[in-house]
Amino acid sequence: MKKIMGLIALTLSASVLAAPKAQWVTVDNNVLAKIRPKLNKSVQTLYSAQGASVVKLSQDEIEGLSHVIHNELHRCGGFIAHESFEEAQNALSFQGDMYFAKSAIFTDYTIDQSNIVAPLVAQVEEPSIRSMIEKLSNFNTRFYKSETGIKSSEFIRDTWSELSKHRSDVKVELYKHSSWPQASIIMTIQGSEKSDEIVIVGGHADSISGMFGGNSRAPGADDNASGIATITEVIRVLMQNDFKPKRTIQFMGYAAEEVGLLGSKDIAGNYKNKSKKVIGVMQLDMTLNKGTADKDIVMMADYTNGAQNEFLGKLIDEYVKVPWGYSRCGYGCSDHASWTAAGYPASIPFESTMEDINRKIHTPQDTLQSAGGDAKHAAKFAKLATAFVVELAN
Ligand code: BES
Ligand code: ZN
């Protein structure tokens, strides 16, 4: 991540060159207002919707645009080139922020931190992940309105606090929601150089059983004690090695996912309102059950950012060395969709393809035993998430 400005400019102009006729550009209105004075000629807005506009630019101007965005706004992405006016217009009309979240390039995806990442990845251990899954599954339910659901979020907060107690640059907080009692959990590792840029790894902390939840037994070992335990292992490794990122890293345990992504919607909406600069989001929801024989990690291609998904594939090849592929949820199946809807780049590396999904989720049988009895599969995701935060934050 050292030569970030130049590299991103190169990446963007390379993708533009790959589509030589691309002259219609969809660009965020805030970005457009700032770059207008910097462009050589006056640029007419051809169409506007969802906080973004279509403008027509020459190849040279498009390349200039990426430089201006970097030098003036110190950010990446924010515009996309299209082959025709219709394509650009359609892109905006249909999806707005969501469209940008899925298609734009938000940061430099060069892999150049292997000196740090490789030794950290080697320290990921299956037993500590398994132990956290057992502890979380032992709460009768983590349902968002239940007493044990409230307690289980406090337990996650306490576990993350204990792992980071020696660090003055790390804080762990409950994020309280106004409409239900279960809090989300947020750990923040303050960046040492670019602390306004944030890399997020999250997963939902709640569980559910049956149609109505309530107090019925909901161990949620796979869905999603596994994701929280995977995140906890990343935190353990980073803290034990005193890793200090340049950008800010946040780990999140979301409340109330199982009842409509409520916790993550609240948080992502709040980040959007505050114009927080989130450069990458990884969702870990279900990492325990190896359901697909020939693929260990499966990226859901819908409601996610294409460039970041590709980057995750490269991280797997480099650091995890397991077979991976793509599948689709077909709907906004987890908290990554909240970040995508808020205009941020999100991915969800998943335990299996959609066809091979664990059928025990949302039942009292979603246990460690029914998912194979160990956390070996989850350990692969802890390695990937470790690589993701270090490569993006440094
Ligand atoms: N972990 C699941 C999401 C999931 C299920 C992903 C199956 C891939 C395959 C999540 O906790 C969940 O249950 N989501 C809900 C949707 C949500 C909007 C309430 C679901 O899938 O029904
Ligand atoms: Zn679920």
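The model shown is predicted, which means the values in this text are computed figures rather than measured ones.

**Section: the side chain of Asp-366**
Within the fold, Asp-366 resides in the loop between strand S13 (349–350) and helix H13 (376–393). No salt bridge is formed by the buried Asp-366. Its closest oppositely charged neighbour is Arg-142, at 6.7 Å. Among the polar contacts listed, one links the side chain of Asp-366 to the backbone nitrogen of Asp-222, at a separation of 2.8 Å. Here the side chain of Asp-366 touches Asp-223 through a polar contact of 3.1 Å, landing on its backbone nitrogen. Those residues within four positions of Asp-366 in sequence are excluded, and the remaining contacts are Pro-219, Gly-220, Ala-221, Asp-222, Asp-223, Asn-358, Lys-360 and Ile-361.

**Describing the packing of aromatic side chains**
Enumeration according to the criterion identifies eight aromatic pairs in this entry. Clustering of aromatic rings is evident, with ring pairs tying together Tyr-109, Phe-311 and Phe-388. Directly above the aromatic system of Tyr-303 lies the positively charged group of Lys-102, at a separation of 5.7 Å from the ring centroid. In this arrangement the basic side chain of Lys-276 is found over the ring face of Tyr-271, its NZ or CZ atom lying 4.4 Å from the centre.

**Structural notes on the nonpolar core**
Grouped burial of nonpolar side chains is what soluble globular proteins tend to show. Judged by nonpolar contacts, the single largest core of 73 residues is most densely connected at Trp-160, Leu-238, Phe-251, Phe-388 and Val-389. Here this core gets 12 residues from one element, more than from any other, and that element is H13. Two domains each provide a minimum of three residues to this core, namely domain 1 (7–95) and domain 2 (104–393). Sequence-distant contacts of Trp-160, that is, excluding residues within four places in its chain, are made with Val-172, Ile-185, Met-187, Ile-228, Ile-231, Thr-232, Ile-235, Phe-251, Met-252 and Gly-253. Listed in part, the 15 residues of the second largest apolar core include Tyr-175, Ile-200, Tyr-254 and Ile-267.

**With respect to the coordination of the zinc ion (ligand 2)**
Coordination sphere of the zinc ion (ligand 2), protein contribution only: Asp-223 (OD), Glu-258 (OE), Glu-258 (OE) and His-362 (NE2), at 2.0 to 2.3 Å. Viewed at the metal, the six donor atoms of the zinc ion (ligand 2) are separated by angles of 59 to 157°, and the geometry they form is irregular. Between consecutive donors of the zinc ion (ligand 2), the numbers of intervening residues give the motif D-x34-E-x103-H. One end of the pair, Glu-258, is in the loop between strand S8 (247–254) and helix H10 (262–273); the other, His-362, is in the loop between S13 and H13, and 104 residues separate them in sequence. Taking the relative accessible area as the measure of exposure, Glu-258 reaches 15% and is therefore buried. Taking relative accessible area as the criterion, His-362 reaches 33% and is therefore assigned partly exposed.

**A closer look at the site of ligand 1**
Not every one of the 17 residues close to ligand 1 is listed here, only the nearest: Glu-257, Glu-258, Asp-285, Tyr-331 and His-362. In this structure, His-204 approaches ligand 1 through a side-chain N or O atom, which is 3.1 Å from an oxygen atom. Contact distances for ligand 1 include 2.9 Å between an oxygen atom and a side-chain N or O atom of His-362. Among the residues forming the shell around ligand 1, the class breakdown is nine nonpolar, four polar and four charged.

**Section: the confidence of the model for the chain**
Mean pLDDT over the chain works out to 89, with 91% of the residues at or above the 70 mark. At the level of individual helices and strands, the chain shows its lowest average pLDDT in helix H1 (residues 4–17), which scores 35, and its highest in helix H9 (residues 221–240), which scores 99. For the stretch residues 1–20, pLDDT sits under 50, and the model shows 36 contacts to residues farther than four places along the chain or on other chains.

**Description of the pattern of salt bridges**
Overall, the coordinates contain 13 salt bridges when judged by the stated rule. Measuring nitrogen to oxygen at the nearest pair gives 3.4 Å for the salt bridge that ties Arg-167 to Asp-242. Residue Arg-167 is found in the loop between helix H8 (147–163) and strand S5 (170–175), and its partner Asp-242 is found in the loop between H9 and S8; the two are separated by 75 residues along the sequence. The exposure class of Arg-167 is buried, given its relative accessible area of 5%. On the basis of relative accessibility, which here comes to 37%, the residue Asp-242 falls in the partly exposed class. Of the charged contacts in the structure, one is a salt bridge between Asp-294 and Lys-295, with a shortest N-O distance of 3.9 Å. Classification of Lys-295 by relative accessible area gives partly exposed; the value is 23%. Linked through salt bridges whose partners overlap, the residues forming this network are Glu-125, Glu-233 and Arg-236.

**Here's the deal with the packing of H9 against H13**
Relative orientation of the contacting elements H9 and H13 amounts to 55°, with a least axis distance of 9 Å. Judged by the inter-axis angle, H9 sits oblique to H13. For the pair H9 and H13, the sense of crossing is right-handed. Taking contact as the criterion, the partners of Thr-230, Glu-233, Val-234 and Leu-238 in H9 are, on H13, Ala-378, Phe-381, Ala-382, Ala-385, Thr-386, Val-389 and Val-390.

Conventions adopted
Residues numbered from 1 in each chain as written. Chains lettered and ligands numbered in written order. Predicted model: local features only at pLDDT ≥ 70, side-chain atom pairs only at ≥ 80, totals over all residues. Heavy atoms only, no water. Helix = DSSP H or I, 4+ residues; strand = E, 2+ residues; numbered from the N terminus. Buried < 20%, exposed > 50% of the residue type's maximum accessible area, 1.4 Å probe, protein only. Lys, Arg positive; Asp, Glu negative; His and termini not counted. Salt bridge = Lys/Arg side-chain N within 4 Å of Asp/Glu carboxyl O. Polar contact = N/O pair within 3.5 Å; in protein donor to acceptor, adjacent residues only side chain to side chain. Contact = heavy atoms within 4.5 Å. Phe/Tyr/Trp six-rings, centres within 6.5 Å; stacked < 30°, edge-to-face > 60°. Lys NZ or Arg CZ within 6 Å of the ring centre and 35° of its normal. Core = buried A, V, L, I, M, F, W, Y, C linked by side-chain atoms within 4.5 Å. Domains from an automatic or database assignment. Donors = N, O, S within 2.8 Å, 3.2 Å for Na, K, Ca; no water. Tetrahedral: all angles 85-135°; square planar, octahedral: opposite > 155°, others 65-115°. Near = heavy atom within 4 Å. Nonpolar A, V, L, I, M, F, W, Y, C, P; charged D, E, K, R; others polar. pLDDT = per-residue confidence, 0-100. Axes fitted to C-alpha atoms, helices over the stretch in contact; angles between N-to-C directions. Parallel < 35°, antiparallel > 145°, perpendicular 65-115°, else oblique. Left-handed = near helix turned anticlockwise from the far one by under 90°.

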